[in-house]
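Overview (structure and organization)
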Amino acid sequence: MKANIEIRKEFPFINQGIIYMDSAATSLKPNCVIDSQSEYYKTMTVNVGRGSSIHNFNTTNIVEKTRNTIAQYLNITDETQVIFTQNSTDSINMVANGWVRQNITSNSNIVITQLEHHSNYVPWIELCKELNIECRIVPLENYEINYSKLIEYINEHTLITAITGMSNITGIETNLEVVTNRCREVGSKIIIDAAQLIVHKRIDIQQLDPDFLVFSAHKLYGPFGLGILYGKKNLLEEMTPVRYGGNMVSYTSNLTNIHYKDIPFRLESGTQNPAAIYSFSSVFNFIKDYDIEETENYIKGLSTYLIHKLKEEGDIIVYSQPGSIISFNIQGVHPHDASQFFDEKNIILRTGNLCASPFFANLEESGVIRVSLGVHNNIEEIDTLLIAIKEIKGFFL
Amino acid sequence: MSLYKETLMKHFRNPEHKFELENFSKKQDGVNPSCGDNITLYTKINNSIIEDISYTGNGCAISMASADIMCEVLKNRDNGVNISLDFTSMLNGEDINFTNELEVLNVFKEMQNYPARKSCALLPWKTLTTLLNS
């Protein structure tokens, strides 16, 4: 791994005295991502998937090359199984309304967990309400998924199990092997929300073997406004588009007889975001320099130190184990009051319910302070955070 | 920390109106979706005069102190909606100075410099407006 001082130069945002500890909300953007987005508009600019000029050919080619790069990165054999969407939420809604809705029967159930981000919670709750289908919500035990309940909840009537690969609150990785095995045993499909996991673990689709997997580019050093949906080919082919319009039509044989393109295009209606896609392609060169395992060990070292100091400090509830995400509460201090003190030190982190309110259903607290670390962070920044925590305690307690 | 004035912290630490009113005539729940802070207002209203008002809830020092101060100044008043509008305008940067019994509200003027926290101070006032308009 490069020296921290060198790594930090890659991320211009922090070169203004900012301590960025909110990587779980969005990862910092390296220069290559920022520059390539600008390069697209300066030197390429034309729309994709239409027109016959060499310029159109080139930009369309960029989109398809990126699709191929993503497929290779995730060890997906067929790149047509990579669908460009707007974000993880969009991808999940596409599966909920494009596949699950079509295949559900009155005795089906859907399994989710209390650990889900709203993006992988609300679409399923609303679908189940609308269709009067049972939604089984796996409870937590010590802030983690209760796996024995999960196995009990997933049964032969479960059409799909929707589960996070890594909690955006605790940072704890889900034992996906256990979940996938149970799903296979009873015939449930599985959709994995990899929004958090994607930057922390090299996902091998062939090994993991999910039915669907989703993530957003912006959590993996990439631009906003771009999401990925992976699906098994037969399932994607069965999917009904949730949006109709341009870019997806093969031909029309009369005014109303519309023939659609094959996947992935049938599921990518409307104008794509080629600048974001081009910019995202540069991420895969960037991360070649950062071995995920090595980076994770470095981050784990920082968080082990932080958790140790937090516990030493006292009056602090820690919800996480050493890893990239450390959520905690200073007892007697509301997270939003604490955030003011972090603001004063230019520390960006996240406070509140983190769009995962079900986590707090059985807790006294309604939110947390979340520190989420990235490859750019260092021990000096952790020490500044700890000074802020001491000041908060001094003021409020 | 200039945001957390002494008056504000006094109301947060030793609230005088944080309880469920007995025999309330109207109540209203309010939530700040960005943080999950929640409040329930209880009022006794007679001929548009707020004869009594209290609250319960969970939230940050700003939202809870704002609720306590709001209850303090609104008791026996009939112009809650107008005060709420002025309070909101003050937080949005307008040069508004509350006087007499409402003077204590000026403690929130500092919020103009903390735009990310405005929604905390406004939670009880928004809830009040909903209650009075319902």
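In case you missed it, the structure is sitting above this.
Residues numbered from 1 in each chain as written. Chains lettered and ligands numbered in written order. Predicted model: local features only at pLDDT ≥ 70, side-chain atom pairs only at ≥ 80, totals over all residues. Heavy atoms only, no water.

Observations regarding the overall build of chain B
For clarity, the cut-off: A run of H or I in DSSP counts as a helix once it spans at least four residues, and a run of E counts as a strand once it spans at least two, with each numbered from the N terminus. Remark: exposure states derive from per-residue accessible area (1.4 Å probe, protein chains only) relative to the maximum for the residue type, with buried under 20%, exposed over 50%, and partly exposed in between. The contact criterion used is simple: two residues touch if any of their non-hydrogen atoms lie within 4.5 Å. The Shrake-Rupley method, run with a 1.4 Å probe sphere, supplies the accessible areas, and residue values consider only the shown protein chains as cover. We treat Lys and Arg as the positive residues and Asp and Glu as the negative residues; His and chain ends play no part in the count. Each charge is placed at NZ for Lys, CZ for Arg, CG for Asp and CD for Glu.
The helix and strand inventory of chain B stands at four helices and three strands. Ordered by position in the sequence, the α and β elements of chain B form the string α-β-β-β-α-α-α. With the principal axes as the frame, chain B shows a C-alpha extent of 40 × 30 × 25 Å. With 134 residues in all, chain B has 49% of them scored as buried. Long-range contacts, defined as pairs at least 24 residues apart, comprise 58% of the intrachain contacts of chain B with a sequence gap of at least 6. Surface exposure of chain B reaches about 6,300 Å², of which carbon and sulfur atoms provide 42%. Placing the 13 positive and 17 negative side-chain charges of chain B at their respective mean positions leaves the two points 4 Å apart.

Notes on the overall build of chain A
When helices and strands are tallied, chain A shows 13 helices and 17 strands. Per element, the accessible surface of chain A, about 16,500 Å² overall, is 48% carbon and sulfur. Distance from the positive charge centre (32 side chains) to the negative charge centre (45 side chains) of chain A: 4 Å.

Notes on the packing of aromatic side chains
Residue and element names in this part refer to chain A. Put simply, the rule reads: The rule is short: rings of Phe, Tyr and Trp, with Trp giving its six-membered ring, pair when the centres are within 6.5 Å, and they are stacked under 30 degrees, edge-to-face over 60, tilted in between. Note on geometry: a ring has a charge over it if NZ (lysine) or CZ (arginine) is within 6 Å of the ring centre and within 35 degrees of the ring normal.
Taken as a whole, this structure holds 24 aromatic pairs over all chains when the rule is applied. Centre to centre, the rings of Phe 280 and Phe 284 are 5.0 Å apart; their planes meet at 70°, and the pair counts as edge-to-face. Taken as a pair, Phe 280 and Phe 284 lie in helix α10 (residues 274-286) at a separation of four residues, close to a single helical turn. In this structure, Phe 280 and Phe 284 share a single accessibility class: buried. With a centroid separation of 5.2 Å and 80° between ring planes, the pair formed by Phe 359 and Phe 360 is classed as edge-to-face. Under the relative-accessibility criterion, Phe 360 is labelled buried at 7%. An aromatic cluster is built from Phe 11, Tyr 221, Phe 286 and Tyr 290, whose rings are joined through pairwise contacts. Here Lys 29 stacks its cationic end above the ring of Phe 224, 5.0 Å away from the centre of that ring. Over the ring of Phe 265 we find Lys 261; its NZ or CZ atom is 5.7 Å from the centre of that ring.

Describing the packing of helix α11 (residues 292-313) of chain A against helix α13 (residues 379-396) of chain A
All names here are of chain A. Our working rule: Fitting a line to C-alpha atoms yields each axis, with helices limited to the stretch in contact; the angle taken between N-to-C directions then spans 0 to 180 degrees. The labels follow the angle: roughly parallel below 35 degrees, roughly antiparallel above 145, roughly perpendicular from 65 to 115, and oblique for the rest. Left-handed is the label given to a crossing in which the near helix is rotated counterclockwise from the far helix by less than a right angle, and right-handed is the label when the rotation is clockwise. Classification used: nonpolar for Ala, Val, Leu, Ile, Met, Phe, Trp, Tyr, Cys and Pro, charged for Asp, Glu, Lys and Arg, polar for all others including Gly.
Between α11 and α13, whose axes approach to 10 Å, the crossing angle comes to 20°. Put simply, α11 runs roughly parallel to α13. Read as a crossing pair, α11 and α13 show a hand that is right-handed. On the side of α11, the interface is formed by Leu 302, Tyr 305, Leu 306, Lys 309, Leu 310 and Glu 313, while α13 contributes Ile 379, Ile 382, Asp 383, Leu 385, Leu 386, Ile 389, Lys 390 and Lys 393. Looking at the contact of α11 with α13, its residues break down into nine nonpolar, no polar and five charged.

Brief notes about the interface of chain A and chain B
A common way to report how large an interface is uses the accessible area buried once the components associate. The condition is simple: Every case where a carboxyl oxygen of Asp or Glu lies within 4 Å of a side-chain nitrogen of Lys or Arg is listed as a salt bridge. In the analysis that follows, any N or O atom pair within 3.5 Å is treated as a polar contact, provided that within protein one partner can donate a hydrogen and the other can accept it, and provided that, for residues neighboring in sequence, both atoms belong to side chains.
Tallying the contact residues gives 11 residues for chain A and 17 residues for chain B. Across the contact surface, chain A and chain B share one salt bridge. Arg117(B) is the partner of Asp337(A) in a salt bridge, and the nearest nitrogen-oxygen pair spans 3.1 Å. Across the chain A-chain B interface, the total number found is nine residue pairs in polar contact (both at pLDDT 80 or more). Those elements that place two or more of their residues in the side of chain A that touches chain B are α12 (335-344) and α13 of chain A. Here the element with the most residues in the side of chain A that touches chain B is α12(A); it accounts for five residues. Here the residues of the side of chain A that touches chain B sort into three nonpolar, six polar and two charged.

Overview of a nonpolar patch on the surface
Residue and element names in this part refer to chain A. Heads up, the condition is: Note that patches include only residues with greater than 30% relative accessible area and no salt bridge, and the join distances are 9 Å for like charges and 5 Å for nonpolar side chains (Val, Leu, Ile, Met, Phe, Trp, Tyr).
A cluster of nonpolar side chains, namely Tyr 244, Val 249, Ile 258 and Tyr 260, defines an oily patch on the protein surface of about 340 Å² accessible area. Mapped onto the secondary structure, Ile 258 falls in strand β12 (residues 258-260). Ile 258 sits in the partly exposed class, given a relative accessible area of 36%.

Here's the deal with unusual backbone geometry
Most peptide bonds take the trans configuration, and most residues that are not glycine carry a negative phi. All names here are of chain A. Across the junction of Ile 263 and Pro 264, the peptide omega takes the value 5°, indicating a cis bond. Relative to the helices and strands, Pro 264 resides in the loop between β12 and α10. Despite not being glycine, Thr 45 shows a phi value in the positive range, around 55°. Structurally, Thr 45 can be placed in the loop between α2 (31-44) and α3 (54-73). The exposure class of Thr 45 is partly exposed, given its relative accessible area of 46%.

A word on the sheet that holds strand β2 (residues 37-46) of chain B
Residue and element names in this part refer to chain B. We apply this condition: When DSSP finds two or more bridges between two strands, those strands count as paired.
With respect to topology, three strands assemble into an open sheet ordered β1-β2-β3, the strand pairing being antiparallel. Because the sheet does not close on itself, it has two edges, and the strands there are β1 (26-32) and β3 (49-58). Taking each pair of neighbouring strands and ignoring which way they run, the sheet shows an average axis angle of 20°. Summarising the sheet, β1 and β2 pair through seven bridges and their orientation is antiparallel. Bridge pairing in β2 links Gly 30 to Ile 39. Where helix α2 (residues 61-74) meets the sheet, it contacts β2 and β3, and its direction lies at approximately 165° from that of β3. Sheet strands touched by helix α4 (residues 118-133): β1, β2 and β3. Its angle to β1, the strand with the most contacts, is close to 145°.

Focus: helix α3 (residues 80-91) of chain B
Residues and elements named next belong to chain B. This is how the line gets drawn: In a helix, the anticipated span is given by 1.5 Å times the number of residues less one.
Between its first and last C-alpha, α3 extends 16 Å over 12 residues, near the 16 Å set by a 1.5 Å rise per residue. Inspection of α3 places Gly 80, Ile 83, Ser 84, Phe 87, Ser 89, Met 90 and Leu 91 among the buried residues, and these make up the whole buried set. Against α2 and α4 lie the buried residues of α3. At the C-terminal side of α3, Gly 93 shows a positive phi close to 105°.

Brief notes about the sheet that holds strand β13 (residues 316-318) of chain A
Residue and element names in this part refer to chain A. Overall, antiparallel pairing links the four strands, which are arranged β13-β14-β17-β16 in an open sheet. At either margin of the open sheet sits one strand with a lone partner, and together these are β13 and β16 (350-352). With direction set aside, neighbouring strand axes in the sheet form an average angle of 25°. As judged from the four bridges shared by strand β14 (residues 325-330) and strand β17 (residues 368-372), these two strands associate in the antiparallel manner. Across the sheet, the residue bridging to Ile 325 is Ser 372, located in β17. Sitting on the sheet, α13 touches β13, β14 and β17, and the angle it makes with β14 is about 15°.

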